[in-house]
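Here is how the chains run, residue by residue.
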Amino acid sequence: MSAKPAERFLLDRVKTPIGVALLVTDAEGRLCALDWADYEHRMAALMRQQYGRSELAEGKAPQEIRAALKDYFAGHLGGLRAIRCRFGGTPFQRDVWSALRKIAPGTTTSYGALAARIERPKAVRAVGHANGANPISVVVPCHRVIGANGTLTGYGGGLERKRWLLAHEGVAVDAS
């Protein structure tokens, strides 16, 4: 029995106000990962974890994705919803990531509220883990999830990026 061939993904690099974003797209032009250049090693590990054998080749992401991100960083916040995404992960993770996409720009939610939204109110910790494993930063807005007491909690791209993204979307965040 022969092994399944490695799936090929394209890796693009886009400058943003908060660093170089790494965009990974599949053969159908769907966004599979968005991470930061300073976390490229982690992103490659997440890709292997979620898609198995995979190979990343340098190439441009579809213009629609690049344009939507450019518009977002220019202050037009709603365009990210039009980006087609492909999720790996478990069914539970995909439920969490789908719920994240429904959080409107300029708003936040807590892990508990997100767990309730997916009808798993006791799965707060699991929601937190799924949120942390989100491979598509910004577009799947895990940065909009904060602690129940309103504090900033972890963010894979670093708390400074999370703080910047929330402020960019008009959310008042504690400067400490």
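Given the structure is predicted, the values throughout are model-derived calculations rather than measurements. (Residues numbered from 1 in each chain as written. Predicted model: local features only at pLDDT ≥ 70, side-chain atom pairs only at ≥ 80, totals over all residues. Heavy atoms only, no water.)

Novice: For this particular structure, what's the right way to read the pattern of salt bridges?
Specialist: Two side chains that carry opposite charge are able to pair once their charged atoms sit near each other. Per the counting criterion, the structure on display carries 12 salt bridges. For Asp-26, the salt bridge goes to Arg-86, with nearest N and O atoms at 3.4 Å. Of the two residues, Asp-26 is situated in the loop between strand 2 (19–25) and strand 3 (31–36) and Arg-86 in the loop between helix 2 (63–73) and helix 3 (91–100); the sequence distance between them amounts to 60 residues. Here Asp-38 and Arg-161 are joined by a salt bridge, their closest N and O atoms 3.1 Å apart. With a gap of 123 residues between them, Asp-38 in the loop between strand 3 and helix 1 (40–51) and Arg-161 in helix 6 (residues 159–168) connect regions that are remote in the sequence. (Salt bridge = Lys/Arg side-chain N within 4 Å of Asp/Glu carboxyl O. Helix = DSSP H or I, 4+ residues; strand = E, 2+ residues; numbered from the N terminus.)

Novice: What is the right way to read the sheet that holds strand 1 (residues 7–16) from this model?
Specialist: Through backbone hydrogen bonds, the strands of a sheet pair up, either in parallel or in antiparallel fashion. One open sheet holds the 4 strands; their spatial order is 3-2-1-4, and the pairing between them is mixed. The strands lining the two open edges of the sheet, one partner per strand, are strand 3 and strand 4 (54–58). Each neighbouring strand pair of the sheet contributes to a mean axis angle of 30°, computed without reference to strand direction. Pairing of strand 2 with strand 3 involves 5 bridges; the strand directions are antiparallel. Bridging from a neighbouring strand, Leu-22 pairs with Asp-35 of strand 3. Strands strand 1, strand 2, strand 3 and strand 4 of the sheet are contacted by helix 1, whose axis makes an angle of about 155° with strand 3. (Pairing = 2+ DSSP bridges. Axes fitted to C-alpha atoms, helices over the stretch in contact; angles between N-to-C directions. Contact = heavy atoms within 4.5 Å.)

Novice: I would appreciate a short explanation of the pairing of strand 3 in the present structure.
Specialist: Regular strands show a simple pattern: their side chains alternate between the two faces of the sheet. The buried count for strand 3 comes to 6 of 6 residues, which makes it a mostly enclosed element. What sits between the antiparallel neighbours strand 2 and strand 3 is a turn of 5 residues, in which Gly-29 has the positive phi angle 80°. (Buried < 20%, exposed > 50% of the residue type's maximum accessible area, 1.4 Å probe, protein only.)

Novice: I tried to follow the packing of helix 3 against helix 5 (residues 124–132) on my own but got confused; where do I start?
Specialist: The relative placement of two packed helices comes down to the angle between their axes together with the axis-to-axis distance. Where helix 3 meets helix 5, the closest approach of the two axes is 9 Å, and the angle between their N-to-C directions is 75°. The pairing of helix 3 with helix 5 is recorded here as roughly perpendicular in orientation. Judged by residue contacts, Phe-92, Gln-93, Val-96, Trp-97 and Leu-100 of helix 3 engage Ala-126, Val-127, Ala-130 and Asn-131 from helix 5. (Parallel < 35°, antiparallel > 145°, perpendicular 65-115°, else oblique.)

Novice: Can you walk me through the layout of surface pockets in this structure?
Specialist: If a probe the size of a water molecule is rolled over the atoms, the empty space left behind becomes visible. Reported here for the largest pocket is a volume of approximately 210 Å³. Along the wall of the largest pocket there are 16 residues; nearest its centre are Asn-131, Gly-132, Asn-134, Cys-142 and Gly-156. Contributing elements (two or more residues each) for the lining of the largest pocket: strand 3, helix 1 and helix 5. By residue number, the principal contributor to the lining of the largest pocket is strand 3, which donates 3 residues. Residue composition of the lining of the largest pocket, by class: 7 nonpolar, 7 polar and 2 charged. (1 Å grid on protein atoms, 1.4 Å probe; cavity = no way out; pocket = protein on both sides within 12 Å on 5 of 7 lines; lining within 4 Å. Points joined across faces, edges and corners; volume = space filled by probe spheres on them. Nonpolar A, V, L, I, M, F, W, Y, C, P; charged D, E, K, R; others polar.)

Novice: Could you clarify how one ought to interpret the side chain of Lys-162 in this entry?
Specialist: Position of Lys-162 relative to the elements: it lies in helix 6. This buried residue, Lys-162, is left without a salt bridge; Glu-169 holds the nearest opposite charge, at 11 Å. Here Val-145 takes part through its backbone oxygen, which lies 2.6 Å from a polar atom of the side chain of Lys-162. Those residues in contact with Lys-162, other than ones at most four positions away along the chain, are Cys-142, His-143, Val-145, Ile-146, Leu-152, Thr-153, Gly-154 and Tyr-155. (Lys, Arg positive; Asp, Glu negative; His and termini not counted. Polar contact = N/O pair within 3.5 Å; in protein donor to acceptor, adjacent residues only side chain to side chain.)

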